[in-house]
Amino acid sequence: MSRKRAKKLVRATTRSAGPTDKYFGDRLRARRIMMKMSQEDLGHSLGISFQQIQKYEKGTNRISAALMVPLAKILDVDTGYFYDEIPKTNRSGEIETPALTELALTLHGRRLIDAFLNLKNDKLRGAVADLAHVLARGKLA
């Protein structure tokens, strides 16, 4: 077998993690943060190191379908959670992170989500959404 052909076979059988793996990692991280769980705690529950959890969350390593079942159980979600908001690939081949996942990953996003969900009055929720909209536009009345 030629060297060129051997390289093609190796390339075809080895596949590095890509944008979809990054998306699953973002979903994993967002839910772990929402659960106030450390990477070490999650890794311990799965019998793996926190470094492996880091690799999954960064999208460096691929999360297998078999691992998603215990992950979902530990994170108290259905396995569909990982697929619910699967985004479309843009023209450059990148996957865009869904807004809610992106919000949960920000410094104050989890606090905002928790506070918003604790508002019992729908009018108050509307007022908070209106305030955020005005602040985002940079035009405080």
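Residues numbered from 1 in each chain as written. Predicted model: local features only at pLDDT ≥ 70, side-chain atom pairs only at ≥ 80, totals over all residues. Heavy atoms only, no water.

Undergrad: I'd like to hear about the nonpolar core, residue by residue, with values.
TA: Leu28, Leu42, Ile63, Leu71, Leu75 and Phe82 are the most contacted members of the largest nonpolar core, which has 20 residues in total. Contributions of two or more residues to this core are made by helix H2 (19-34), helix H3 (39-46), helix H4 (50-58) and helix H5 (65-74). What Leu71 contacts, discounting residues up to four positions off in sequence, is Leu28, Leu42, Leu46, Ile63 and Phe82. (Core = buried A, V, L, I, M, F, W, Y, C linked by side-chain atoms within 4.5 Å. Buried < 20%, exposed > 50% of the residue type's maximum accessible area, 1.4 Å probe, protein only. Helix = DSSP H or I, 4+ residues; strand = E, 2+ residues; numbered from the N terminus. Contact = heavy atoms within 4.5 Å.)

Undergrad: Quick one: what's the story with the packing of aromatic side chains, residue by residue and with numbers?
TA: Throughout the structure, instances matching the rule amount to three aromatic pairs. Ring centres 5.5 Å apart and planes at 55 degrees place the aromatic pair Tyr23 and Phe24 in the tilted group. The pair Tyr23 / Phe24 is uniform in exposure class, with both members buried. By way of ring pairs, the aromatic residues Tyr23, Phe24 and Tyr83 are connected into one cluster. In this structure, Arg27 is placed above the aromatic ring of Tyr81, and the distance from its NZ or CZ to the ring centre is 3.9 Å. (Phe/Tyr/Trp six-rings, centres within 6.5 Å; stacked < 30°, edge-to-face > 60°. Lys NZ or Arg CZ within 6 Å of the ring centre and 35° of its normal.)

Undergrad: So what's going on with the pattern of salt bridges? Residues and values would help.
TA: All chains considered together, the criterion is met by four salt bridges. Here Asp26 and Lys22 are joined by a salt bridge, their closest N and O atoms 2.7 Å apart. One end of the pair is Asp26 and the other is Lys22, both in helix H2 and four residues apart, which spans about a single turn. Given a relative accessible area of 37%, Lys22 falls into the partly exposed group. Of the charged contacts, one joins Arg110 and Asp114 as a salt bridge, the two residues approaching to 3.8 Å between their closest N and O atoms. Of this pair, Arg110 and Asp114 both sit in helix H7 (residues 109-118), four residues apart, which is roughly one turn of the helix. On the basis of relative accessible area, Arg110 is assigned to the buried category, the value being 16%. Take Asp114: its relative accessible area is 26%, and that puts it in the partly exposed class. (Salt bridge = Lys/Arg side-chain N within 4 Å of Asp/Glu carboxyl O.)

Undergrad: With reference to specific residues and values, describe H5.
TA: Those residues of H5 that sit buried are Leu67, Met68, Leu71 and Ala72. Within H5, the buried residues cover an arc of 135 degrees as seen down the axis, which keeps them to one side. Residues of H5 that are exposed and point over 90 degrees away from its buried face: Ala66, Val69 and Lys73. Elements that come into contact with the buried residues of H5 comprise H2, H3 and H4. Downstream of H5 by one or two residues, Asp76 has phi in the positive range, about 60 degrees. (Arc of directions from axis to C-beta.)

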